[in-house]
Amino acid sequence: MTIDWGWFPDHRSTLVTLTLDHLSTAVPAVLLGLLIALPLAVIAHRVRPLRGLLLGLSNILFTIPSIAIFVLLLPVTGLTRTTAITGLTIYTLVVLLRNTVEGLDSVPTKVREASTAMGARPLRTLLTVELPLAFPVIMAGVRVATVMAISLVSVASYIGYGGLGQLFTDGFQRNYPTPVVAGVVLSLVLALVADAVLVTIQWLCTPWLRRRA
């Protein structure tokens, strides 16, 4: 396999544009998935009969091939970025929902009882006690979901919103490996940078863990 190194500086602006396009699809999908997963996880945690149903449904959605999801969404949302973001959001849900439920389950019962004994209402206990203590586990899910979303954006090139995935399509169609290598490397760099950013956010938001260490 021969790499045309001169191709990279000649296509610098294209690479920047596709990288930003990649992020503009992956990041909203993770954020939307988190917004949906949080209330569902609270319901699954507090209403035990619904726990298996919600987790089971998310697992079923995860088994659907990504291309099939995009095809199913096309009649509804068309060839738009909304289709790509919606499809990726569905995939992030299984990770985000399960980790959030596990994070809430990890909060000691005595801590909840102490909060209730001090007169805190359930919502206040959730926001000021349960979610902060569950935050590390939730963030672990966010990290996995983010890396997964970044890797799956390329599949959306099928509908024209694949970001760096367009480099894969271009390279394969022309039997020209240089764009494929560029897409792989940039996708890997994006995943590593995103994970590092999330680790930093977790570190900043959990000072009690730093003090314990």
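Residues numbered from 1 in each chain as written. Predicted model: local features only at pLDDT ≥ 70, side-chain atom pairs only at ≥ 80, totals over all residues. Heavy atoms only, no water.

*Asks:* Describe unusual backbone geometry, with residues and values.
*Replies:* Phi is positive for asparagine 175, which is not a glycine, with a value near 55°. Note that asparagine 175 resides in the loop between α8 (165-174) and α9 (177-205). (Helix = DSSP H or I, 4+ residues; strand = E, 2+ residues; numbered from the N terminus.)

*Asks:* Can you tell me about the side chain of glutamine 202, naming the residues and giving the values?
*Replies:* Inspection of the secondary structure assignment puts glutamine 202 in helix α9. For glutamine 202, a relative accessible area of 16% puts it in the buried group. Those residues in contact with glutamine 202 that sit more than four places away from it in its chain are Phe135, Pro136 and Met139. (Buried < 20%, exposed > 50% of the residue type's maximum accessible area, 1.4 Å probe, protein only. Contact = heavy atoms within 4.5 Å.)

*Asks:* How would you explain the pattern of salt bridges if you had to name every residue and give the values?
*Replies:* In the structure shown here, the tally under the stated rule is six salt bridges. Taking the shortest distance from any N to any O, the salt bridge between aspartate 21 and arginine 81 comes out at 2.5 Å. One end of the pair, aspartate 21, is in helix α2 (residues 12-46); the other, arginine 81, is in helix α5 (residues 81-105), with 60 residues separating them in the sequence. Aspartate 195 is the salt-bridge partner of arginine 143, the closest N and O atoms lying 2.7 Å from each other. Placement of the pair is arginine 143 in helix α7 (residues 122-152) and aspartate 195 in helix α9, with a sequence separation of 52 residues. What makes arginine 143 partly exposed here is its relative accessible area of 28%. (Salt bridge = Lys/Arg side-chain N within 4 Å of Asp/Glu carboxyl O.)

*Asks:* Break down the side chain of threonine 89 for me, with residues and values.
*Replies:* Along the chain, the position of threonine 89 falls in helix α5. Discounting residues that sit within four places of it in the chain, threonine 89 has contacts with Ala29, Leu32, Gly33 and Ile36.

*Asks:* Tell me about a nonpolar patch on the surface, residues and numbers included.
*Replies:* A contiguous nonpolar patch, built from Ile43, Val47, Leu50, Leu53, Leu57 and Ile60 and spanning about 490 Å² of accessible area, is present on the exposed surface. Broken down by element, the residue count for the nonpolar patch peaks at four residues, all from helix α3 (residues 48-63). Mapping leucine 57 onto the fold places it in helix α3. (Patch = residues over 30% accessible without salt bridge, like charges linked within 9 Å, V, L, I, M, F, W, Y side chains within 5 Å. Areas by Shrake-Rupley, 256 points an atom, 1.4 Å probe, with all protein chains shown as cover.)

*Asks:* Now, about the nonpolar core: what can you tell me, with residues and values included?
*Replies:* Grouped together as the largest cluster of nonpolar side chains are 43 residues, with contacts concentrated most on Leu97, Val101, Val142, Ile150 and Leu167. At the level of elements, α2, α3, α4 (66-77), α5, α7 and α9 are the ones that each hand at least two residues to this core. (Core = buried A, V, L, I, M, F, W, Y, C linked by side-chain atoms within 4.5 Å.)

*Asks:* A description of the packing of aromatic side chains should follow, citing residues and the corresponding values.
*Replies:* Overall, the coordinates contain two aromatic pairs when judged by the stated rule. Aromatic pair tryptophan 7 and phenylalanine 8: ring centres 5.5 Å apart, planes at 90°, arrangement edge-to-face. For tryptophan 7, a relative accessible area of 7% puts it in the buried group. The class of phenylalanine 8 is partly exposed, set by a relative accessible area of 21%. Members of the aromatic cluster, connected to one another through ring pairs, are Trp5, Trp7 and Phe8. (Phe/Tyr/Trp six-rings, centres within 6.5 Å; stacked < 30°, edge-to-face > 60°.)

*Asks:* Give a description of α8 that names residues and reports values.
*Replies:* For α8, every residue scored as buried is listed here: Gly165, Leu167, Phe168 and Gly171. The buried residues of α8 all sit within an arc of 150° when viewed along its axis, so they share a single face. If you follow the buried residues of α8, they end up packed against α1 (7-10), α2 and α9. Just past α8, the residue asparagine 175 takes up positive phi, approximately 55°. (Arc of directions from axis to C-beta.)

Remember, this is a structural readout, not a statement about activity or role.
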